[in-house]
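Geometric and topological summary
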Amino acid sequence: MVTVTATGMAMPRETVKVSRNIYKPYLMTIVDMRDETHDTRTLRLQFKDPEVAQTFDWKPGQFAQYSVFGVGECVFTIANSPTRKGYIECTFRQVGKVTSALRDMEIGQTIGFRGPYGNWFPVEEWEGKRLYFVGGGIGTVALRGVMQYCLDNRKLYDEILILNAARTVADLVYKSEMDEWAKVDGVTLVKAVDPGGETPDWDGKVGLAPNVFEELKPTPDNAILVTCGPPIMIRFMLLAAERLGFKPEQVYTTLENRMKCGLGKCGRCNVGPYYVCKDGPVFTAAQLAKLPKDF
Amino acid sequence: MLRKRLTRENLNKWIDGLVASGLRVIAPVRERDGGRGARDGKGGLTLFRPITSSAEIAADYTKTDLPFKEWLFPPTEVILHYRIVDGEPVLEDPEVDATKTVALFLRPCDAAAIPILDSVFGGDYEDEFYMTRRRNLTVVGLSCTEPQPECFCAAVGLSPTSEAGSDILLTPVGDEFLVEVLTEKGEQLVNQYADLFADAGDLTKEQVTEQAIAKMLRKESLPTFAETYSELFEHPVWEEIARKCLGCGVCAYSCPTCHCYDIVDEATLFEGVRCRNWDCCGFALFTLHASGHNPRPTQAHRYRQRVLHKFAYFLQTYGRNMCVGCGRCVIKCPVGMDIYEVVQKVAQASERVGV
């Protein structure tokens, strides 16, 4: 006789242990952390398995599922470049259940990590071009990996402009490493905060990111613009880019939709027929223009 | 393809033989105890349940109250176990059901849903939980002779006798069954009991098909929107359609093809599981971002997703639409939403805007 459970489902008679579980995370140790702002933190993680630490590879722009056991999983970009291997960094803002639990974790503790997922910035196609990176608030995090990649491969690209913007000085991420970016030859760093977000000793620009970018009069010739920020900023950045003469194919951004599986199956992050987790998160403005407004 | 014939008596012998051979045989069974919401006036629900004898099979069922889906993709499932030992998480791979199983008497609509689920859970990043159960499953379909008022399989490219998803398809013709053996898996089940089956000879299902389709009330081929969804996206028709939708999710939960899921942790201090649970695009929290932003803030956005996923996006990605016309969502909806009518309404609206 088969045993029937309360829900009516029969207990299986034969079972096997899964061996290629796509939902099984790697275990990673928190080896370092840094507070970027009052609510945003960067964690440095190391794989517990030395073999995985050796072989794990990813592309700039890909993301992962980070998990606190007993609380749940959460999606963040891999915030460091594959040119800086041996560890993984993520920067997250404490806004919900998992990020709050993650914020409570201490150095030496273990979290789960599965990935890398999604597509990436086509950094090979960009070789020889001028690069503009415009990040707003936590959106700069999505650009950090690809910025590091391009800075580490400095010779492959023409001049680089980085605009790191935020609502207020307090919300600006990566304050402590921006100087390091600026020191690289041929890199211009501009920092900006929204009007009213400045402090008396603020030495950056004051203005909304799209306006500040436009005032810098960046030439679209042989250039690539990569931007990420809150939806409203992205919308106005795309308009600014158009006014500056950028073609939609020259403009890249990333979409962030709520995700669960990261594998194109759970049916949640789609924008029209495309899954942000699999077909994205990186899209050009030309691709976005064709998508239904479902993000 | 092998074609055989089988008498009713031999059908029961075959089923009892399969049970005796140690296979798990799952078939429509009338659950008399504890069933709620039955509409057949006979008490209980008809559901796919393991049987120990052919006599347990619900003899006169037209369609099970729930599809076969739960046997391949259970409503809740552990996808990871962990324990905290000395402060450190220790991961354990869960066990997955690998029982050799025969699913009996799926109606062609329910059988056709299985290849649809296969394309989601297979492919890149194969889902081992689903695929292990799937590999151990053989499907014996049963053609439908009594389409119900809500049915519309013929409107979505299927028919009451279509083969899609079945390894073997039985069609009642007169006092016997025509047995179409469609796959190698199916052949194995038939070959072991070869003496029960006779050659099909001139037995055909054409007339049965015709008669069944003639009884079907809704069979006008439904349009799809793979080419036109962009233009339709902002159409006011969605608001009009979704106004009465309660967002209860019964359509998705009773759908043989809906497969959206959530992943959540359930834990005590020192032990826990990560579970995969059925979810539904009609729920307000489904796409809600942690920031508070929601790409689908109203029921109109969410119902649009349901219709376009089934009749546009899935078609574009996997080459067929994601509805098999079983009509369960139609009979179960508490406010009478009818996806057959909705799709026609959207198509009419698209004509009005000249799409």
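These figures come from a predicted structure and were not determined experimentally.

Moving on to the overall build of chain A. Per the secondary structure count, chain A includes seven helices and 16 strands. The globule rule puts the C-alpha radius of gyration for 295 residues at 19 Å, and the 21 Å found for chain A is close to it. Taken along the three principal axes of its C-alpha coordinates, chain A extends 75 × 45 × 40 Å. Across the 295 residues of chain A, 58% fall into the buried class. Considering only residue pairs separated by 6 or more positions, chain A has 68% of its internal contacts joining residues 24 or more positions apart.

With that settled, the discussion passes to the sheet that holds strand β4 (residues 63-68) of chain A. Hydrogen bonds along the backbone pair up the strands of a sheet, which may run parallel or antiparallel. All names here are of chain A. Strand order in the open sheet made by the six strands is β5-β4-β7-β2-β3-β6, with antiparallel pairing throughout. Strands with a single pairing partner mark the edges of an open sheet, and in this sheet they are β5 (72-77) and β6 (88-93). With direction set aside, neighbouring strand axes in the sheet form an average angle of 40°. In this structure, β4 lies alongside strand β7 (residues 110-117), joined through four bridges in antiparallel fashion.

Next up on the list: the domain arrangement of chain B. Residue and element names in this part refer to chain B. In terms of domain boundaries, chain B breaks down into domain 1 (2-68 + 95-215) and domain 2 (229-352). Each of domain 1 and domain 2 has a C-alpha centre, and these two points are 27 Å apart. Taken together, the contact between domain 1 and domain 2 spans 24 residues of the former and 25 residues of the latter. Carbon and sulfur atoms make up 65% of the surface buried where domain 1 meets domain 2, a total of about 2,100 Å² over both sides. Seen at the junction of domain 1 and domain 2, the total is two salt bridges. For the salt bridge of R276 with D127, the shortest nitrogen-to-oxygen distance reads 3.1 Å. Linking domain 1 with domain 2 are seven residue pairs in polar contact (both at pLDDT 80 or more), by the criterion used here.

Moving on, we get to the domain arrangement of chain A. All names here are of chain A. The domains assigned to chain A are domain 1 (26-117) and domain 2 (130-254). Between the C-alpha centres of domain 1 and domain 2 there is a distance of 24 Å. Facing 19 residues of domain 1, the contacting portion of domain 2 comprises 19 residues. Interface area for domain 1 against domain 2, summed over the two sides, is near 1,600 Å², with a carbon-plus-sulfur share of 48%.

Looking now at the interface of chain B and chain A. The interface is formed by 60 residues belonging to chain B together with 57 residues belonging to chain A. Note on chain B versus chain A: buried area summed over both sides is about 5,200 Å², and carbon and sulfur give 52% of it. Sorting the residues of chain B by area buried against chain A places D93(B), Y125(B) and E128(B) first, and these three jointly supply 14% of that buried surface. Scanning the region where chain B abuts chain A turns up nine salt bridges.

Quick look at the nonpolar core now. One finds Y23(A), F68(B), F152(B), F225(B), Y303(B) and F311(B) to be the most contacted residues of the largest nonpolar core, which totals 86 residues. The element best represented in this core is helix α2 (residues 108-121) of chain B, accounting for nine residues. Residues contacting Y303(B), with those up to four places away along its chain left out, are I241(B), A242(B), C245(B), M337(B), I339(B) and V342(B).

So, on to the confidence of the model for chain A. Looking at chain A, the pLDDT average stands at 94 and 96% of residues meet or exceed 70. Here residues 1-8 of chain A scores under 50 on pLDDT; set against residues more than four positions off or in separate chains, the count is twelve contacts.

What follows deals with a nonpolar patch on the surface. Residues I232(A), F236(A) and L239(A) make up a contiguous nonpolar surface patch of about 260 Å² in total accessible area. Residue placement: I232(A) occurs in helix α6 (residues 231-243).

Our next topic: the pattern of salt bridges. Summed over all chains, the structure comprises 45 salt bridges over all chains. With a closest N to O distance of 2.9 Å, D279(B) and R268(A) form a salt bridge. Of the two residues, D279(B) is situated in the loop between β13 (271-278) and α9 (299-318) and R268(A) in the loop between β13 (251-254) and β14 (270-271); the pairing between them involves two chains. For the residue pair D279(B) and R268(A), the accessibility class agrees, reading buried in each case. In this structure, the salt-bridge partner of E92(B) is R83(B), at a minimum N-O distance of 2.5 Å. For R83(B), a relative accessible area of 34% corresponds to the partly exposed category. Through salt bridges that share partners, R34(A), E36(A), R44(A), E89(A), R144(A) and E177(A) make up one connected network.

On to the sheet that holds strand β9 (residues 168-173) of chain B. Here we have eight strands laid out as an open sheet, ordered β3-β2-β7-β8-β9-β10-β1-β11 (chain B), and mixed in their pairing. Each edge of the open sheet is held by one strand with a lone partner, namely β3 (45-51) and β11 (198-199) of chain B.

A few words now on the environment of S350(B). As for its position among the elements, S350(B) is in helix α11 (residues 339-352). Taking the relative accessible area as the measure of exposure, S350(B) reaches 8% and is therefore buried.

To continue, consider the packing of aromatic side chains. Residue and element names in this part refer to chain A. Taken as a whole, this structure holds 32 aromatic pairs over all chains when the rule is applied. Between W126 and Y252, the aromatic rings sit 5.1 Å apart at their centres with planes inclined by 65°, giving edge-to-face as the arrangement. Taken together, the residues span a long stretch of sequence, with W126 in the loop between β7 and β8 (130-136) and Y252 in strand β13 at a distance of 126 residues. You'll find W126 and Y252 in the same group, each marked buried.

Glancing now at the state of the cysteines. The full count for this structure, using the stated rule, is zero disulfides over all chains. With no disulfide of its own, C266(A) has C261(A) as its nearest cysteine by sulfur position, at a separation of 3.8 Å. Cysteine C245(B) is unpaired, with the sulfur of C251(B) as its nearest cysteine sulfur at 6.4 Å.

Attention now goes to the pairing of β13(A). Residue and element names in this part refer to chain A. The side-chain alternation of β13 yields two buried faces, one formed by V251 and T253 and the other by Y252 and T254. Pairing of strand β12 (residues 223-228) with β13, which is carried by three bridges, proceeds in the parallel orientation. Looking across to β13, one finds that T227 is bridged to T253. A crossover connection joins β12 to the parallel β13 through α6; in handedness this β-α-β unit is right-handed. Bridge count between β13 and strand β16 (residues 282-284): three bridges; the pairing is antiparallel. Looking across to β16, one finds that T254 is bridged to V282.

A few words on the packing of α2(B) against helix α3 (residues 128-135) of chain B. Residues and elements named next belong to chain B. The interhelical angle for the contact between α2 and α3, taken along N-to-C directions, is 140°, at an axis separation of 10 Å. The angle between the axes of α2 and α3 places the two elements in the oblique class. In this structure, the crossing between α2 and α3 has a hand that is left-handed. Touching I114, L117, D118 and F121 of α2 are Y130, M131 and R134, all from α3. Considering only residue class, the contact of α2 with α3 consists of five nonpolar, no polar and two charged.

Criteria and cut-off values
Residues numbered from 1 in each chain as written. Chains lettered and ligands numbered in written order. Predicted model: local features only at pLDDT ≥ 70, side-chain atom pairs only at ≥ 80, totals over all residues. Heavy atoms only, no water. Helix = DSSP H or I, 4+ residues; strand = E, 2+ residues; numbered from the N terminus. Rg over C-alpha atoms; globule rule 2.2 N^0.38 Å. Buried < 20%, exposed > 50% of the residue type's maximum accessible area, 1.4 Å probe, protein only. Contact = heavy atoms within 4.5 Å. Pairing = 2+ DSSP bridges. Axes fitted to C-alpha atoms, helices over the stretch in contact; angles between N-to-C directions. Domains from an automatic or database assignment. Buried area = accessible area lost by both parts, 1.4 Å probe. Salt bridge = Lys/Arg side-chain N within 4 Å of Asp/Glu carboxyl O. Polar contact = N/O pair within 3.5 Å; in protein donor to acceptor, adjacent residues only side chain to side chain. Core = buried A, V, L, I, M, F, W, Y, C linked by side-chain atoms within 4.5 Å. pLDDT = per-residue confidence, 0-100. Patch = residues over 30% accessible without salt bridge, like charges linked within 9 Å, V, L, I, M, F, W, Y side chains within 5 Å. Areas by Shrake-Rupley, 256 points an atom, 1.4 Å probe, with all protein chains shown as cover. Phe/Tyr/Trp six-rings, centres within 6.5 Å; stacked < 30°, edge-to-face > 60°. Disulfide = S-S within 2.5 Å. Right-handed = clockwise from strand over helix to strand, strands pointing away. Parallel < 35°, antiparallel > 145°, perpendicular 65-115°, else oblique. Left-handed = near helix turned anticlockwise from the far one by under 90°. Nonpolar A, V, L, I, M, F, W, Y, C, P; charged D, E, K, R; others polar.

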